[in-house]
Amino acid sequence: DPAHRNGVVMAGLMLGVYEHARGYDSIVMSGHVDKADLYHKLGYVDLGPPVASGQALYVPMAIRVAELAERQARWQRRLTKP
């Protein structure tokens, strides 16, 4: 139910990604084309056009770990809100 979505799970996941990626320069991934807007909101940028894999289309994407560091405090606040 969208009314109950507050981003706590996503904030926790992204904090985990950041903690794991510290010490690296960038994270590169293939994002499902239908979820590209979500990844863009998280800070990922497209590296090229969508690529087909079977019936699905994936967008090659990346984010610099330094950008995750800038967003870390916001995600942490979201996790600690009552």
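Structure: see above.
Note that the coordinates shown come from a computational prediction; the quantities given were computed from them, not determined experimentally. (Residues numbered from 1 in each chain as written. Predicted model: local features only at pLDDT ≥ 70, side-chain atom pairs only at ≥ 80, totals over all residues. Heavy atoms only, no water.)

### Observations concerning the overall build of the protein
Each helix and strand counted, the protein has three helices and four strands in total. For the protein, the sequential pattern of α-helices and β-strands runs α-β-α-β-β-β-α. Its C-alpha atoms put the protein at 45 × 35 × 15 Å along the principal axes. Per-residue burial over the protein gives 23% buried out of 82 residues. Sequence separation of at least 24 residues holds for 61% of the intrachain contacts in the protein that already meet a minimum separation of 6. Counting every atom, the protein has about 5,900 Å² of accessible surface; 55% of that belongs to carbon and sulfur. (Helix = DSSP H or I, 4+ residues; strand = E, 2+ residues; numbered from the N terminus. Buried < 20%, exposed > 50% of the residue type's maximum accessible area, 1.4 Å probe, protein only. Contact = heavy atoms within 4.5 Å. Areas by Shrake-Rupley, 256 points an atom, 1.4 Å probe, with all protein chains shown as cover.)

### Side note on the nonpolar core
Nonpolar side chains in soluble globular proteins generally cluster together in the buried interior. Met-14, Ile-27, Tyr-44, Leu-68 and Trp-75 are the most contacted members of the largest nonpolar core, which totals 15 residues. Within the residue set of this core, elements represented by two or more residues are helix 1 (8-21), helix 2 (36-42), strand 4 (56-64) and helix 3 (65-80). A per-element tally of this core places helix 1 first, with five residues. With near-sequence residues (within four places) excluded, Met-14 lies in contact with Leu-42, Tyr-44, Leu-68 and Trp-75. (Core = buried A, V, L, I, M, F, W, Y, C linked by side-chain atoms within 4.5 Å.)

### Thoughts on the pattern of salt bridges
Tallied over the entire structure, the rule returns two salt bridges. Put simply, Arg-22 and Glu-19 hold a salt bridge, and the shortest N to O gap is 3.2 Å. Arg-64 serves as the salt-bridge partner of Asp-25, at 2.8 Å between the closest nitrogen and oxygen. Here Asp-25, found in the loop between helix 1 and strand 1 (26-32), pairs with Arg-64, found in strand 4; they are 39 residues apart in sequence, far enough to count as distant. By relative accessible area, which is 44% here, Arg-64 ends up partly exposed. (Salt bridge = Lys/Arg side-chain N within 4 Å of Asp/Glu carboxyl O.)

### Quick notes on a nonpolar patch on the surface
On the surface, Val-28, Val-45 and Leu-47 cluster together to form a nonpolar patch covering roughly 290 Å² of accessible area. Among the secondary structure elements, Val-45 is positioned in strand 2 (residues 45-46). (Patch = residues over 30% accessible without salt bridge, like charges linked within 9 Å, V, L, I, M, F, W, Y side chains within 5 Å.)

### What about the environment of Arg-71?
By the secondary structure assignment, Arg-71 is in helix 3. We classify Arg-71 as partly exposed; its relative accessible area is 21%. Considered as a pair, Arg-71 and His-32 are 39 residues apart in the sequence and their alpha carbons are 22 Å apart. In this structure Arg-71 touches Lys-41, Leu-42 and Gly-43, once residues within four positions along its chain are discounted. Polar side-chain contacts of Arg-71 include one of 3.3 Å to the backbone oxygen of Lys-41. (Polar contact = N/O pair within 3.5 Å; in protein donor to acceptor, adjacent residues only side chain to side chain.)

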